[in-house]
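Tertiary structure, described
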Amino acid sequence: MVAFQGRRLTVRRRGEVSLRARHNILWPLLLAPGTVWLALLFVVPLYVVLAIVFGGIDPVFRTPLPVWNPVHWNTAQFTDVFSHIVGSDGFFGPALLRTAVFVLLASMLCLLIAYPVAYYTARLAGPHRKILLALLVAPFWISYMMRMLAWVNLLQTNGLVNKTLSVGGLFSVHTDWLNGRSVVVVLGLVYGYVPYMILPLYAGLDRLPPHALEAARDLGAGPFQTFRRVTLPLSRPVIIASVLLTCLPMLGDYFTSDLLSGSPETSMVGNLINNSVLTPGQTGQAGAFVLLVAVVALVPMLFYVRSARREGLAS
């Protein structure tokens, strides 16, 4: 009897070891496609950018000469860009500061618009939820360029906005909205990127644990107190993630400012990158701006990772 039980224990242990070995092989195999994808579409292009930024320029054709060996990298182009951000020759500084202000304002406005819409769709819509979801997804069926061109038609001197403000011709309104107005660029960013914030917020709010909300109501909390003490704290991680998903693409946006303003007074860092790419001999400068944007974008991403880790430890 003892020998039989010992044999069963040995078989069971062998089965557990075999199962662990399968798991040890399975997870790397599942991770491999994503790793290869990330390497080919992020790591390799990033290294190409670094090779161009720290490389040279052909003196005749004004084309970039990438240097693939880090030992021979030259920081002249990156130093030149950095020296023109601050100081008396800091003509790149206003565009960078303007980008930060535009992105911050647009992200906050997107959050003010998106959170109530997502909350209503996730918690209060009831049988109309599917219809609202279809309407929220509808903007993704139309290209960003077409939506911005629609804004151009609305904001022209003889467009619908001026006609509405003139109250059917009672007042003379000929405001040139497309002539370097920061407000128009910020509102254009809000209009273009607010769908990217609504859907993640909806997904997060829809997954809130119902028992936590029911417990708050059972303890006598009203709707506002339940929202302030339960819903809002539980949705904080998804709020941070949604803001990141919205503001990071805004950092490299150049099309909105070009189409709704076209003025150097509203240019953003994306416009600096685009202009540098189109100018012969300044590809390295464009790469330096890309690296600068990547470093700036890394800060809120690290904040999100830290916040998510803290929420995980707290739960």
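Read on for an overview of the structure. (Residues numbered from 1 in each chain as written. Predicted model: local features only at pLDDT ≥ 70, side-chain atom pairs only at ≥ 80, totals over all residues. Heavy atoms only, no water.)

1. Structural notes on the packing of helix α3 (residues 93–124) against helix α7 (residues 182–206)
Relative orientation and spacing of two packed helices are given, respectively, by the angle between their axes and the distance between those axes. Stated precisely, the cut-off is as follows: Note on geometry: axes are lines fitted to C-alpha atoms, helical ones only across the stretch in contact, with angles between N-to-C directions running from 0 to 180 degrees. Working definition: helices are DSSP H or I runs of at least four residues, strands are E runs of at least two. Numbering for both runs from the N terminus. Each crossing is labelled by how the near helix is turned from the far one, with a counterclockwise turn of less than a right angle marking it left-handed and a clockwise turn marking it right-handed. Each residue gets one of three labels, nonpolar for Ala, Val, Leu, Ile, Met, Phe, Trp, Tyr, Cys and Pro, charged for Asp, Glu, Lys and Arg, and polar for the others, Gly among them.
Viewed as axis vectors pointing N to C, α3 and α7 meet at an angle of 40°, and their least axial separation amounts to 6 Å. Two packed elements cross with a definite hand, and for α3 against α7 that hand is right-handed. Its residues assigned to classes, the contact of α3 with α7 shows 25 nonpolar, three polar and two charged.

2. Notes on the nonpolar core
Basically, it comes down to this: Residues enter a nonpolar core if they are buried and are Ala, Val, Leu, Ile, Met, Phe, Trp, Tyr or Cys, with the set joined through side-chain atoms within 4.5 Å. Exposed residues in this analysis have more than 50% of their type's maximum accessible area, buried residues have under 20%, and partly exposed residues fall in between, with area computed by a 1.4 Å probe over protein chains only. In what follows, a contact means two residues having at least one pair of non-hydrogen atoms within 4.5 Å.
With 55 residues, the main nonpolar core has Leu111, Leu189, Met197, Leu201, Met250, Leu260 and Phe289 as its most contacted residues. Within the residue set of this core, elements represented by two or more residues are α3, α5 (144–155), α7, α10 (236–251), α12 (269–278) and α13 (283–314). The element contributing the most residues to this core is α7, with 12 residues. Discounting chain neighbours no more than four positions away, the residues touching leucine 189 are Phe102, Ala106, Tyr144, Met250, Asp253, Thr256 and Met268.

3. A word on a nonpolar patch on the surface
So the rule is basically this: Without a salt bridge and with relative accessible area above 30%, a residue can belong to a patch; like charges are then joined within 9 Å and nonpolar side chains (Val, Leu, Ile, Met, Phe, Trp, Tyr) within 5 Å. To be clear on the numbers: accessible area is Shrake-Rupley with a 1.4 Å probe, and residue cover counts the displayed protein chains and nothing else. Just to be clear on terms, a salt bridge is a Lys or Arg side-chain nitrogen sitting within 4 Å of an Asp or Glu carboxyl oxygen.
Side chains of Val36, Trp37, Leu40, Leu41, Val44, Tyr47, Val48 and Trp68 sit close together on the surface and give an oily, nonpolar patch of about 820 Å² of accessible area. Within the secondary structure layout, leucine 41 lies in helix α1 (residues 2–53). Accessibility expressed as a relative area gives 53% for leucine 41, which makes it exposed.

4. Section: the packing of aromatic side chains
The test is simple: Under the pairing criterion, centres of Phe, Tyr and Trp rings, with the six-membered ring standing for Trp, must be within 6.5 Å; the plane angle then separates stacked pairs below 30 degrees from edge-to-face pairs above 60, leaving the rest tilted. Only lysine NZ and arginine CZ atoms are considered, and such an atom sits over a ring when it is within 6 Å of the ring centre and within 35 degrees of the ring normal.
According to the stated counting rule, one finds 13 aromatic pairs in the structure shown. With a centroid separation of 5.5 Å and an interplanar angle of 50°, the aromatic rings of tyrosine 144 and tyrosine 193 are classed as tilted. Of this pair, tyrosine 144 sits in helix α5 while tyrosine 193 sits in helix α7, placing them 49 residues apart in sequence. Through successive ring pairs, a cluster of aromatic residues spans Tyr47, Phe54, Trp68, Trp73 and Phe78. The cationic tip of arginine 181 hangs over the ring face of tryptophan 177; the distance from NZ or CZ to the ring centre is 5.4 Å.

5. Some points on α7
This is how the line gets drawn: Multiplying 1.5 Å by the helix residue count minus one yields the expected span of that helix. Bend, in this description, refers to the angle at a residue between axes fitted to the seven residues ending there and the seven starting there.
Spanning 25 residues, α7 covers 35 Å between terminal C-alpha atoms, matching the ideal 36 Å at 1.5 Å per step. A maximum bend of about 45° is found in α7 at tyrosine 193, where proline proline 195 lies one to four positions downstream.

6. Considering the side chain of serine 235
Our working definition: We call two N or O atoms a polar contact when they sit within 3.5 Å, provided that within protein one can donate a hydrogen and the other can accept it, with sequence-adjacent residues counted only if both atoms are side-chain atoms.
Along the polypeptide, serine 235 turns up in the loop between α9 (223–234) and α10. What makes serine 235 buried here is its relative accessible area of 0%. A distance of 2.9 Å separates a polar side-chain atom of serine 235 from the backbone oxygen of threonine 231. A polar side-chain atom of serine 235 sits 3.1 Å from the main-chain carbonyl oxygen of leucine 232.

7. Observations regarding the environment of serine 182
By the element assignment, serine 182 lies in helix α7. Of the residues examined, serine 182 reaches a relative accessible area of 33% and is grouped as partly exposed. Separated by 83 residues in the primary sequence, serine 182 and glutamate 265 place their C-alpha atoms 8.1 Å from one another.

8. What to know about the side chain of threonine 266
Relative to the helices and strands, threonine 266 is located in the loop between α11 (255–260) and α12. Judged by relative accessible area, which is 0%, threonine 266 ranks as buried. Threonine 266 has contacts with Arg98, Phe102, Gly180, Arg181, Ser182, Val185, Ser257 and Ser261, leaving out every residue within four places of it along the chain.

9. Quick look at the environment of leucine 248
Tracing the chain through its elements places leucine 248 in helix α10. Residues leucine 248 and methionine 301, spaced 53 residues apart in sequence, show a C-alpha to C-alpha distance of 9.4 Å. Apart from the residues lying within four places of it in its own chain, the contact partners of leucine 248 are Ala297 and Met301.

10. Section: the pattern of salt bridges
Within this structure, the stated rule accounts for one salt bridge. One salt bridge in this structure joins aspartate 206 and arginine 129, with 3.0 Å as the shortest N-O distance. Taken together, the residues aspartate 206 in helix α7 and arginine 129 in helix α4 (residues 129–137) connect sequence positions 77 residues apart. By relative accessible area, arginine 129 is classed as partly exposed at 26%.

11. A closer look at the environment of tyrosine 193
Since its relative accessible area comes to 9%, tyrosine 193 is described here as buried. Between the alpha carbons of tyrosine 193 and methionine 250 there is a distance of 8.0 Å; along the sequence they are 57 residues apart. Leave out the neighbours within four places in its chain, and tyrosine 193 touches Cys110, Tyr144, Thr246, Pro249, Met250 and Asp253.

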